[in-house]
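In case you want the letters, here they are:
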Amino acid sequence: MADTAKKKKKPSSFYRRQDRWALIMMIPWFIGVLFFFLKPLIEVCVYSLNEVTLDLDGVHQSWVGIDNFVFVLRTHATFYQDLITTFAQALPNTVLIIFFSLFAAVLLNGKFKFRGAARVLFFLPIVLATDMINIELGSVSMDTLDADSATTALSGAMMLVRFLINSVGLPRDVISVMMGVIENVFETIKLSGVQILIFLAGLQSVSPSMYEVAKMEGATTYETFWKVTLPTVSPLIMTNVVYTMTDNLMRTNLIDTMKNTAFRQAQYGYSAAMSVTFLFVTLVVIGVVCLILGKVVFYND
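Residues numbered from 1 in each chain as written. Predicted model: local features only at pLDDT ≥ 70, side-chain atom pairs only at ≥ 80, totals over all residues. Heavy atoms only, no water.

Q: Before we go on, may I ask you to explain the overall build of the protein chain in this structure?
A: Within the protein chain one finds 14 helices and two strands. For the protein chain, the residues scored as buried account for 25% of the 301 residues in total. Taking the contacts inside the protein chain whose residues are at least 6 apart along the sequence as the reference set, 67% of them involve residues at least 24 apart. When the accessible surface of the protein chain is summed, it comes to about 21200 Å², and 67% of that surface belongs to carbon and sulfur atoms. (Helix = DSSP H or I, 4+ residues; strand = E, 2+ residues; numbered from the N terminus. Buried < 20%, exposed > 50% of the residue type's maximum accessible area, 1.4 Å probe, protein only. Contact = heavy atoms within 4.5 Å. Areas by Shrake-Rupley, 256 points an atom, 1.4 Å probe, with all protein chains shown as cover.)

Q: What's the story with the environment of S207 in this structure? I'm lost.
A: Tracing the backbone shows S207 in the loop between α10 (193–204) and α11 (208–216). Considering only alpha carbons, one finds S207 and T232, 25 residues apart in sequence, at a separation of 9.7 Å. In this structure the side chain of S207 is engaged in a polar contact, spanning 2.7 Å, whose partner is the side chain of S209. (Polar contact = N/O pair within 3.5 Å; in protein donor to acceptor, adjacent residues only side chain to side chain.)

Q: Can you walk me through α10 in this structure?
A: Since there are 3.6 residues in each turn of an α-helix, residues three or four apart along the chain are aligned in direction. Under the 1.5 Å per step criterion, the end-to-end length of α10 is 17 Å for 12 residues, consistent within 8% with the ideal 16 Å. Those residues of α10 not exposed but buried are G193, Q195, I196, F199, L200, G202 and L203. (Expected span 1.5 Å × (residues − 1).)

Q: Looking at this structure, I do not really get helix α3 (residues 67–75). What am I missing?
A: Those residues of α3 lying buried are N68, F69 and V72. The buried side chains of α3 occupy one side of the element, clustering within an arc of 100 degrees when seen end-on. Looking at α3, the residues exposed on the side facing more than 90 degrees away from the buried face are R74 and T75. Looking at the buried positions of α3, the neighbouring elements they touch are α2 (13–48), β1 (50–55), α4 (79–108) and α14 (268–294). (Arc of directions from axis to C-beta.)

Q: I tried to follow a nonpolar patch on the surface on my own but got confused; where do I start?
A: On the surface, a cluster of nonpolar side chains totalling about 1300 Å² of accessible area is made up of W21, I24, M25, I27, I31, L34, F35, F36, F37, L38, I42 and V46. Mapped onto the elements of the fold, L38 is located in helix α2. (Patch = residues over 30% accessible without salt bridge, like charges linked within 9 Å, V, L, I, M, F, W, Y side chains within 5 Å. Salt bridge = Lys/Arg side-chain N within 4 Å of Asp/Glu carboxyl O.)

Q: What is the right way to read the side chain of T282 from this model?
A: Here T282 lies in helix α14. Separated by 2.7 Å, the side chain of T282 and the backbone oxygen of F278 make a polar contact. Apart from residues lying up to four places away in sequence, T282 is in contact with F87 and L249.

Q: Honestly, the packing of aromatic side chains in this entry has me stumped. Any pointers?
A: How two aromatic rings sit relative to each other is given by the distance of their centres and the angle of their planes. Using the criterion set out here, one finds four aromatic pairs in the structure. Between F71 and Y270, the aromatic rings sit 4.1 Å apart at their centres with planes inclined by 20 degrees, giving stacked as the arrangement. Here Y270 lies in helix α14 and F71 lies in helix α3, a separation of 199 residues in the sequence. With relative accessibility at 24%, the residue Y270 sits in the partly exposed group. Here F225 and W226 contribute two aromatic rings whose centre-to-centre distance is 5.5 Å and whose plane-to-plane angle is 85 degrees, an arrangement assigned as edge-to-face. What makes W226 partly exposed here is its relative accessible area of 43%. (Phe/Tyr/Trp six-rings, centres within 6.5 Å; stacked < 30°, edge-to-face > 60°.)

Pasting the structure below:
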């Protein structure tokens with residue numbers, strides 16, 4: 001009987017082949033992590049604890065301990081403030097992008113005529129938002145506009161601000177945040193493409209029977225969204241939050257500061273200390289966010 005039980009617990013040849021092919025497919029990933037992530041990460045950690053100089057003979061290191069970290073956190077003119085500003089901007093931007101991505105995915109997942117064409121028209125600007133187009137759009141300033149257009153835009157913005165202050169009674173800080181969101185609407189749309197696709201794939205995997213049951217129970221569209229749709233895609237919210245935060249952090253001025261410190265000022269040890277500090281704070285912040293979201297994420301087994 002014991003031998004029979006052991007034989008039954010053995011995985012079949014199909015599953016063994018499946019596991020073998022899974023490992024084979026992961027070999028490129030292992031190679032990439034080993035040579036393009038772990039190796040540079042270890043080197044940066046070593047450089048951060050040394051004074052690094054370059055000459056014709058190669059790289060020379062002189063042990064300084066935590067002096068590089070003390071310098072970048074206490075003595076450097078802008079790093080500490082830029083670090084705080086980076087995360088203070090990344091967190092609200094992440095929330096805004098997640099809300100917009102989920103909203104857009106729900107709309108695009110609806111059943112209506114020419115849905116495929118609508119999706120193409122929606123994603124076309126995101127796909128075409130290449131670096132060259134962004135440079136051209138960024139080069140357009142108020143100086144390139146004629147005087148009438150500039151005056152009209154400025155007058156419209158001032159009228160909106162006066163209306164929100166005098167008629168609606170919103171605080172100036174709230175209005176400032178709203179105007180910042182409006183100014184960055186194109187950037188928000190541009191950075192939401194991947195998240196929308198992930199949410200859209202998740203929405204399409206929701207079983208229609210769940211919506212049918214909700215409809216039979218008399219649930220409204222609003223209740224169906226909060227009771228069925230949102231819990232079902234909640235694991236994808238965590239995925240998108242991690243991706244969005246990482247993407248936002250890699251687009252900040254802090255990255256340019258670290259590059260300039262290394263390649264323009266030749267302060268490789270200081271730049272490595274900045275990188276390690278930035279990585280550590282990023283892991284801590286993302287870890288805390290994942291712990292908070294993990295308490296409300298619903299996994300459908």
